[in-house]
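Spelled out, the chains give:
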Amino acid sequence: MLAYLSLAAILFSIGMFGVITRRNVIGIMMSLELMFNAVNINFVAFNKFIVTDSLLGQIFSAFIIVVAAAEAVVGLAIVLLLYRNWQGINSDQVNVMKW
Amino acid sequence: MNFQLPEIHISLMLPELFLFIWALLIITFDVVTKRKNEHTVGYLALLGLLIDGAILSVTGYGSGFGNMFFNDPMALFFKVIFLGSAFMAIASSFGLMHQKIVNHRGEFYALILFSTVGMMFLSSSDELLSLYIGLELTTIPLFVLAAFFKDDRLSVEAGMKYFVIGAFSSALMLYGISFLYGLSGTTDLVQMKINLAITHLTFKDIGVILSLAVLLILGGIGFKLALPPFHQWTPDVYEGAPTPVAAFLSVGSKAAGLVAFAKIFINGLYAFYGAEMAPNDWGRLVGVGAILAMIIGNVVAIRQTNIKRMLGYSSIAQVGYIMIGMVSMNEFGLTSVGFYMFTYMFANMGAFAVVAFFEDKSGSCQISSYRGLSKTSPFLATSLTMFLLSLAGIPPLAGFVAKYAVFAAAINMATSGVAYHWIFWLVGIGLLTSVFALFYYVNPVKQMFFSKEDSPYKISLSAPAFTVVLIGLIGIVLFGLYPDPILQFASQISASFGFLPH
């Protein structure tokens, strides 16, 4: 079980690193997907090894996959808008507002 | 493993189902009439919210869907807030329709309704899976709404920032939830409270994982609430998003975050509040967040020149005050949180509505462009003044009673034992920063009333716009002078957590 949890932790860290350092918005979205999938591995591993009397962890991960897909749809639409308004999808350019 | 179908009480879910179907009908109606229906579709959305309020008032308490859906007084109280803020947001967006989104009225109103359904669903969940679904159903329509002006760079930028931060925060929260599931073996929050306490007593070394889970979940919900240090997106999104959407974000989405916070922390992690749980004590973590919120929100708001940005920072500060009530975890604390949120709805939605009407006419959100407004549109200027003073907490308006209730609850808790003396710090900083708050809230008032020249804009209100301002005014004045019914109603909230100290 430790192997699964470590895999999830590594994936999650890679995703988090990607979200923070990536400049390309598509890259940020890919990193977000990595984070969601790390959570899925966690849920399935806990379900398999600790909570064996129900399937809640697996159901939860199925829900996460669906919601992440819905989120990606909206995200990609926003990326399209970015491209139309800025002719590029680097998050560096998108800084009209500053404090 | 044996599967049996849990008992389904579909009637408990009637308000959510009705609103969902109504939103679908609105889109259909908009398409069928070939989008040539002026304001009809907006009035339909308002009518739907009113009918939904009536349905809500006859829906009883109880649990269905195998405890996944749970109607209790807290859910009812917050559902009223969600419906109210959606009503005021939709009614204040009628002028917006003329300018920019003439072709997408149906989608705009339907998305607000979908988001409201998500919030209502969230407030009825007593279980992490349905809580997560509700939270996502709340935020995904809001991503679209924030980026609704497709050709406006500000709006698209706001949408992008809100999307990245929102998705990131829900990933953080999910990772935390997965650890809670692993530690407790359940996603039911009441069961989790018991299981976690047992696990904690049996194995003393779950501390590290639990701390990680608490931090991750706090981060995730902190983003939704704009609780520092997770607040950086707030002013940008509020400035860029369409004004009614910013208003809805600041009240509806914030109330949803509060419900999620109360459910996870006060229900699921109840055992880990208090000094003896030192590394896992979430009370102090949230307390530090609240202090940062009050200081950052109130101080940075002073130098803002854009009124939407200023209201954004002010909403960060308000979260700080609300969180004081939340961490002083006695019965009166939760009552004060509910009451604060209720009055905050009237004052903030009203202020944003006035800003929206002014923006429709003048196209500007700069505080300096409000100069001399009291001479050309005295009613609007007076009502904006009232809303801002209520936000600042000036008696006899409702904001004062709300702040008083929060501080009273905190002092009550702080005096109950040495372990809770740190709450005095929250009260002290809260009182101190309230003074700063007065400074920037009065700035637009000064521009409107104490200026020699007349304003070039004369704003006449349409019927729905007038209704919104009137509702806000009645709310802050009536519940300022006569807060008892709402306090009575809010005091039932703590019955949802039937184990709090008095």
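None of these values were measured; they are calculated from a predicted model. (Residues numbered from 1 in each chain as written. Chains lettered and ligands numbered in written order. Predicted model: local features only at pLDDT ≥ 70, side-chain atom pairs only at ≥ 80, totals over all residues. Heavy atoms only, no water.)

Some points on the packing of aromatic side chains
Residues and elements named next belong to chain B.
Argument step 1. All told, the structure shown has 36 aromatic pairs over all chains when counted by the stated rule.
Argument step 2. Between Phe261 and Trp282 the ring centres are 5.9 Å apart and the planes differ by 85°, which places this aromatic pair in the edge-to-face class. Here Trp282 lies in helix 12 (residues 282–302) and Phe261 lies in helix 11 (residues 243–268), a separation of 21 residues in the sequence.
Argument step 3. Judged by relative accessible area, which is 1%, Phe261 ranks as buried.
Argument step 4. Given the relative accessible area of 0%, Trp282 is considered buried.
Argument step 5. Feature note: the residues Phe77, Phe78, Phe82, Phe342, Phe346, Phe479 and Phe489 constitute an aromatic cluster, connected by ring pairs. (Phe/Tyr/Trp six-rings, centres within 6.5 Å; stacked < 30°, edge-to-face > 60°. Helix = DSSP H or I, 4+ residues; strand = E, 2+ residues; numbered from the N terminus. Buried < 20%, exposed > 50% of the residue type's maximum accessible area, 1.4 Å probe, protein only.)

Notes on the packing of helix 1 (residues 2–21) of chain A against helix 2 (residues 25–49) of chain A
Residues and elements named next belong to chain A.
Argument step 1. At a minimum axis distance of 8 Å, the contact between helix 1 and helix 2 shows a crossing angle of 165°. With respect to each other, helix 1 and helix 2 are oriented roughly antiparallel. The handedness of the crossing between helix 1 and helix 2 is left-handed. Residues Tyr4, Leu5, Leu7, Ala8, Leu11, Phe12, Ile14, Gly15, Met16, Gly18 and Val19 of helix 1 lie in contact with helix 2, whose contacting residues are Ile28, Ser31, Leu32, Leu34, Met35, Ala38, Val39, Ile41, Asn42, Ala45, Phe46 and Phe49.
Argument step 2. Grouping the amino acids of the contact of helix 1 with helix 2 by side-chain chemistry returns 19 nonpolar, 4 polar and no charged. (Axes fitted to C-alpha atoms, helices over the stretch in contact; angles between N-to-C directions. Parallel < 35°, antiparallel > 145°, perpendicular 65-115°, else oblique. Left-handed = near helix turned anticlockwise from the far one by under 90°. Contact = heavy atoms within 4.5 Å. Nonpolar A, V, L, I, M, F, W, Y, C, P; charged D, E, K, R; others polar.)

With respect to the interface of chain B and chain A
Argument step 1. On the chain A side, the residues contacting the 46 residues of chain B number 43 residues.
Argument step 2. For the chain B and chain A pair, buried surface summed over both sides reaches about 4100 Å², with 77% attributable to carbon and sulfur atoms.
Argument step 3. Inspection of the chain B/chain A interface yields 0 salt bridges.
Argument step 4. Linking chain B to chain A there are 4 residue pairs in polar contact (both at pLDDT 80 or more).
Argument step 5. Counting residues per element, the ones that place at least two in the side of chain B that touches chain A are helix 6 (128–146), helix 7 (153–184), helix 10 (233–240) and helix 13 (307–327) of chain B.
Argument step 6. The biggest single contributor to the side of chain B that touches chain A is helix 7 of chain B, with 22 residues.
Argument step 7. Here the residues of the side of chain B that touches chain A are counted per class, giving 27 nonpolar, 7 polar and 12 charged. (Buried area = accessible area lost by both parts, 1.4 Å probe. Salt bridge = Lys/Arg side-chain N within 4 Å of Asp/Glu carboxyl O. Polar contact = N/O pair within 3.5 Å; in protein donor to acceptor, adjacent residues only side chain to side chain.)

Overview of a nonpolar patch on the surface
Argument step 1. On the surface, Ile8, Ile10, Leu14, Leu17, Phe20, Ile21, Leu24 and Leu25 of chain B cluster together to form a nonpolar patch covering roughly 690 Å² of accessible area.
Argument step 2. Topologically, Leu25 of chain B is positioned in helix 1 (residues 14–32). (Patch = residues over 30% accessible without salt bridge, like charges linked within 9 Å, V, L, I, M, F, W, Y side chains within 5 Å. Areas by Shrake-Rupley, 256 points an atom, 1.4 Å probe, with all protein chains shown as cover.)

A word on the environment of Ile322 of chain B
Argument step 1. Within the fold, Ile322 of chain B resides in helix 13.
Argument step 2. In this structure Ile322 of chain B touches Leu258, Val337, Tyr340 and Met341 of chain B, once residues within four positions along its chain are discounted.

Quick notes on helix 19 (residues 463–481) of chain B
Argument step 1. An ideal rise of 1.5 Å per residue puts 27 Å on 19 residues; helix 19 of chain B measures up with 27 Å between its terminal C-alpha atoms.
Argument step 2. Those residues of helix 19 of chain B not exposed but buried are Pro464, Ala465, Val468, Val469, Gly472, Leu473, Gly475, Ile476, Phe479 and Gly480 of chain B. (Expected span 1.5 Å × (residues − 1).)

Section: the nonpolar core
All names here are of chain B.
Argument step 1. Counting residues in hydrophobic clusters, the biggest one holds 209 residues, and the most contacted among them are Phe78, Phe265, Leu269, Trp282 and Met323.
Argument step 2. Tallying contributions element by element places helix 14 (residues 331–362) first for this core, with 18 residues.
Argument step 3. The contact partners of Phe265, leaving out residues within four places of it in the chain, are Val214, Ile217, Leu218, Ile221, Tyr270 and Trp282. (Core = buried A, V, L, I, M, F, W, Y, C linked by side-chain atoms within 4.5 Å.)

Observations concerning unusual backbone geometry
Argument step 1. Backbone torsion omega between Pro228 of chain B and Pro229 of chain B reads 5°, so that peptide bond is classified as cis.
Argument step 2. Locating Pro229 of chain B in the fold gives a position in the loop between helix 9 (207–225) and helix 10.
Argument step 3. In the Ramachandran plot, Gln87 of chain A falls in the positive-phi region, its phi being about 55° despite a non-glycine side chain.
Argument step 4. As for its position among the elements, Gln87 of chain A is in the segment after helix 3 (56–86).
Argument step 5. Owing to a relative accessible area of 57%, Gln87 of chain A belongs among the exposed residues under this scheme.
Argument step 6. Positive phi, close to 60°, is recorded for Ala226 of chain B, a residue that is not glycine.
Argument step 7. Mapped onto the secondary structure, Ala226 of chain B falls in the loop between helix 9 and helix 10.
Argument step 8. Residue classification places Ala226 of chain B among the buried positions, given a relative accessible area of 1%.

Regarding helix 5 (residues 105–124) of chain B
Argument step 1. Over its 20 residues, helix 5 of chain B extends 29 Å from the first C-alpha to the last, a length consistent with the 28 Å expected when each residue adds 1.5 Å.
Argument step 2. Judged by how many residues are buried, helix 5 of chain B sits mostly within the fold: 19 of 20 residues are covered.

A closer look at the pattern of salt bridges
All names here are of chain B.
Argument step 1. Tallied over the full model, the rule gives 5 salt bridges over all chains.
Argument step 2. For the salt bridge of Arg309 with Asp236, the shortest nitrogen-to-oxygen distance reads 3.1 Å. One end of the pair, Arg309, is in helix 13; the other, Asp236, is in helix 10, and 73 residues separate them in sequence.
Argument step 3. Arg309 sits in the buried class, given a relative accessible area of 4%.

Focus: the confidence of the model for chain B
Argument step 1. When pLDDT is averaged along chain B, the result is 87, and 94% of the positions lie at 70 or above.
Argument step 2. Across the whole predicted complex the pTM is 0.92, and at the interface the ipTM reaches 0.95. (pLDDT = per-residue confidence, 0-100.)

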